[in-house]
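Take a look at the letters that make up each chain.
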Amino acid sequence: MLTPDWFPAISSIVKVPFLSARVHATQQAFEELGRYMLELVSSARASVVEGRSSASSAALLHNLVEANTSPEGGSKCLSDGELLSNIFSFLLAGHETSAHSLGFAISLLALHPEAQSKMYAEVRKVWPEGSGTRNFAKLRPFFSQPYTLAFFRETLRLFPAAIWLSKLVYADAVLPAQHFTVGEKGTLTPGKPFSVAVPAGSVVILDIWSLHMNPLYWGDDVEDFKPERFIDSDTYRWPRDAFLSFSAGPRACIGQRFAYTESVCILASLVDRYEVLLPENLMHKPFEEQKEKMLKWTHSITLIPTNANVRLRRRT
Ligand code: HEM
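Remember, predicted model here, so these are calculated numbers, not experimental data.

**Student:** So what exactly am I meant to see when it comes to the coordination of the iron atom of the ligand here?
**Tutor:** Six octahedrally arranged donors around a metal ideally form angles of 90 or 180 degrees; four tetrahedrally arranged donors ideally form angles of 109.5 degrees. A lone protein donor contacts the iron atom of the ligand, and this donor is Cys253 (SG), found at 2.3 Å. In this structure, Cys253 sits in the loop between helix H8 (215–218) and helix H9 (256–273).

In structure tokens, the structure reads:
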């Protein structure tokens, strides 16, 4: 919620219609989240003290708590504040983004059975014994699944979790820009380059979604779901600079590789065991209608799929 820093402190005294109630609800949610994080920490601390293995579903949390209780102490050790802010980042930055992106990916699996078949063929090749083997030594890393990774990247191109990012300009800069014209069929033609002066202290909004939907970089079929556009060949290299789902530069997403690994793993295990199908009521509808219903979204901090309802049929 965008209010000045001092607003929450005075909001219990000065009542502003609508805003005060929102600030109060946000504060309550924040406190509840704080309590939840402390609960997580105390149960992880207990398992660290008892020397229980970290190879569990909460390994990341366990490792953070271990770093907080390191016998070396001092600057080598995570302070309590650092521990909580790391958990906060992982929960918010890591959980919501990944969950929502996977929601879109699962809807896209149901909408594109031909892409789902390609993913299934790749999964069977990489995991001939099936993903349920639990023999992790036999599970190959995510980059050996180029199609599944491309499928996920294409999902993020069409539905970036952060549709825009704002950045404070640190030093005076001049940005290169370009005019373009739109032809009758919607085709873009690059026009004259020009430059824009951006003084230090300005706030710049990076419009990620527009970048991802720009035919100059992605071609005239920019609106189509086409994972192949993320697969390099001898004559084609996908445009890295036009894909900013994880931002770029020193403050880019630190969880990017983690997100790719977990998402490829989740999609591959899902498709390995189940066929992902459209809901019955959409089965015989025109594709445009299926697409419109399945890919409905709303926007809060991230882009949220609101109708990712699919049916799963166990593969035999
Ligand atoms: C599909 C999944 C994800 C997407 C689309 C995503 C996207 C992003 C983006 C766009 C930023 C830059 C925000 C900005 O510039 O203001 C960011 C930052 C960050 N992400 Fe992710 N993220 C994902 C998953 C994760 C995961 C799994 C983790 C942790 C395990 C994570 C941790 C972080 C952190 C800590 C930052 C802040 C980095 C900094 O400020 O230096 N993210 N993420």
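**Student:** Could you clarify how one ought to interpret the side chain of Glu122 in this entry?
**Tutor:** Tracing the sequence through the fold places Glu122 in helix H5 (residues 113–126). Nearest to the buried, unbridged Glu122 among oppositely charged side chains is Lys125, at 6.5 Å. In contact with Glu122, not counting residues within four places along its chain, are Gln145, Pro146, Tyr147 and Thr148.

**Student:** Quick question: what am I supposed to make of the site of the ligand here?
**Tutor:** The immediate surroundings of the ligand are formed by 21 residues, with Phe90, Gly94, Lys167, Arg251 and Cys253 found nearest. Ala93 is positioned with one of its backbone polar atoms (N or O) 3.4 Å from a nitrogen atom of the ligand. A distance of 2.7 Å separates an oxygen atom of the ligand from a polar side-chain atom of Arg251. Mapped onto the shell around the ligand, the elements with two or more residues apiece are helix H4 (80–111), strand S1 (164–168) and H9. Considered class by class, the residues forming the shell around the ligand number 11 nonpolar, 8 polar and 2 charged.

**Student:** Looking at this structure, how should I read the UniProt feature "binding site: heme" (unreviewed entry) in the protein chain?
**Tutor:** Here the UniProt-annotated "binding site: heme" (unreviewed entry) positions come out as Cys253. Residue classification places Cys253 among the partly exposed residues on the basis of a relative accessible area of 34%.

**Student:** Would you explain the packing of H4 against H5 in this entry?
**Tutor:** In helix packing, the relevant descriptors are the interaxial angle and the interaxial distance, both defined with respect to the helix axes. Where H4 meets H5, the axes come as close as 5 Å, and the angle between the chain directions of the two elements is 105°. Between H4 and H5, the angle falls in the class roughly perpendicular. Contact residues: H4 offers Leu109, Ala110 and Leu111, while H5 offers Pro113, Gln116 and Met119. When its residues are assigned to classes, the contact of H4 with H5 shows 5 nonpolar, 1 polar and no charged.

**Student:** Explain the pattern of salt bridges to me, please; I cannot follow it from the model alone.
**Tutor:** A side chain of one charge can pair with a side chain of the opposite charge when the charged atoms of the two come close. All told, the structure shown has 11 salt bridges when counted by the stated rule. Between Asp221 and Lys226 there is a salt bridge whose closest N-O contact spans 2.7 Å. Given the relative accessible area of 34%, Lys226 is considered partly exposed. Put simply, Arg240 and Asp232 hold a salt bridge, and the shortest N to O gap is 2.8 Å. Its relative accessible area of 30% is what places Arg240 among the partly exposed residues. Overall, Asp232 belongs to the partly exposed group, its relative accessible area being 34%. Connected through salt bridges with shared partners, the residues Glu154, Arg157, Asp221, Lys226 and Arg229 form a single ionic network.

**Student:** Could you clarify how one ought to interpret unusual backbone geometry in this entry?
**Tutor:** A negative phi angle is the norm for most residues apart from glycine, just as the trans form is the norm for most peptide bonds. The backbone of Ser247 sits at a positive phi, close to 60°, despite the residue not being glycine. The topology assignment puts Ser247 in the loop between H8 and H9.

**Student:** What exactly am I supposed to notice about the environment of Asp272 here?
**Tutor:** Checked against the element boundaries, Asp272 lands in helix H9. Classification of Asp272 by relative accessible area gives buried; the value is 8%. Residues Asp272 and Trp127 lie 145 residues apart in sequence; the distance between their C-alpha atoms is 8.8 Å. Reaching out from Asp272, the side chain makes a polar contact with the side chain of Arg124 at a distance of 2.7 Å.

**Student:** It is not clear to me how the side chain of Arg229 should be interpreted in this structure. Could you clarify?
**Tutor:** Note on placement: Arg229 falls in the loop between H8 and H9. For Arg229, a relative accessible area of 5% translates into the label buried. Within the local environment of Arg229, its side chain forms a polar contact with the side chain of Glu154, the two groups lying 3.0 Å apart. Residues in contact with Arg229, not counting those within four places in the same chain, are Glu154, Arg157, Trp218, Asp221, Val222, Asp224, Tyr236 and Trp238.

**Student:** I would appreciate a short explanation of helix H3 (residues 59–68) in the present structure.
**Tutor:** Residues that lie three or four places apart on an α-helix share one face, since the helix turns once every 3.6 residues. Listing the buried residues of H3 in full gives Leu61, His62, Leu64, Val65 and Asn68. Down the axis of H3, the smallest arc covering the buried residues is 160°, so these residues share one side.

**Student:** Explain the nonpolar core here, please?
**Tutor:** Considering soluble globular proteins, one finds that nonpolar side chains tend to be buried as a cluster. Residues Leu109, Met119, Phe151, Phe159 and Leu267 are the most contacted members of the largest nonpolar core, which totals 43 residues. Secondary structure elements with two or more residues in this core: H4, H5, helix H6 (146–158) and H9. Setting aside residues no more than four positions away along its own chain, Phe159 makes contact with Phe104, Leu108, Trp209, Leu295, Trp297 and Leu303. If you look at the next biggest cluster of nonpolar residues, it comprises 9 residues, including Met37, Val41, Ala44 and Leu64.

Rules of the game
- Residues numbered from 1 in each chain as written.
- Predicted model: local features only at pLDDT ≥ 70, side-chain atom pairs only at ≥ 80, totals over all residues.
- Heavy atoms only, no water.
- Donors = N, O, S within 2.8 Å, 3.2 Å for Na, K, Ca; no water.
- Helix = DSSP H or I, 4+ residues; strand = E, 2+ residues; numbered from the N terminus.
- Buried < 20%, exposed > 50% of the residue type's maximum accessible area, 1.4 Å probe, protein only.
- Lys, Arg positive; Asp, Glu negative; His and termini not counted.
- Salt bridge = Lys/Arg side-chain N within 4 Å of Asp/Glu carboxyl O.
- Contact = heavy atoms within 4.5 Å.
- Near = heavy atom within 4 Å.
- Polar contact = N/O pair within 3.5 Å; in protein donor to acceptor, adjacent residues only side chain to side chain.
- Nonpolar A, V, L, I, M, F, W, Y, C, P; charged D, E, K, R; others polar.
- UniProt positions renumbered as here; feature names shortened; annotations may be inferred.
- Axes fitted to C-alpha atoms, helices over the stretch in contact; angles between N-to-C directions.
- Parallel < 35°, antiparallel > 145°, perpendicular 65-115°, else oblique.
- Arc of directions from axis to C-beta.
- Core = buried A, V, L, I, M, F, W, Y, C linked by side-chain atoms within 4.5 Å.

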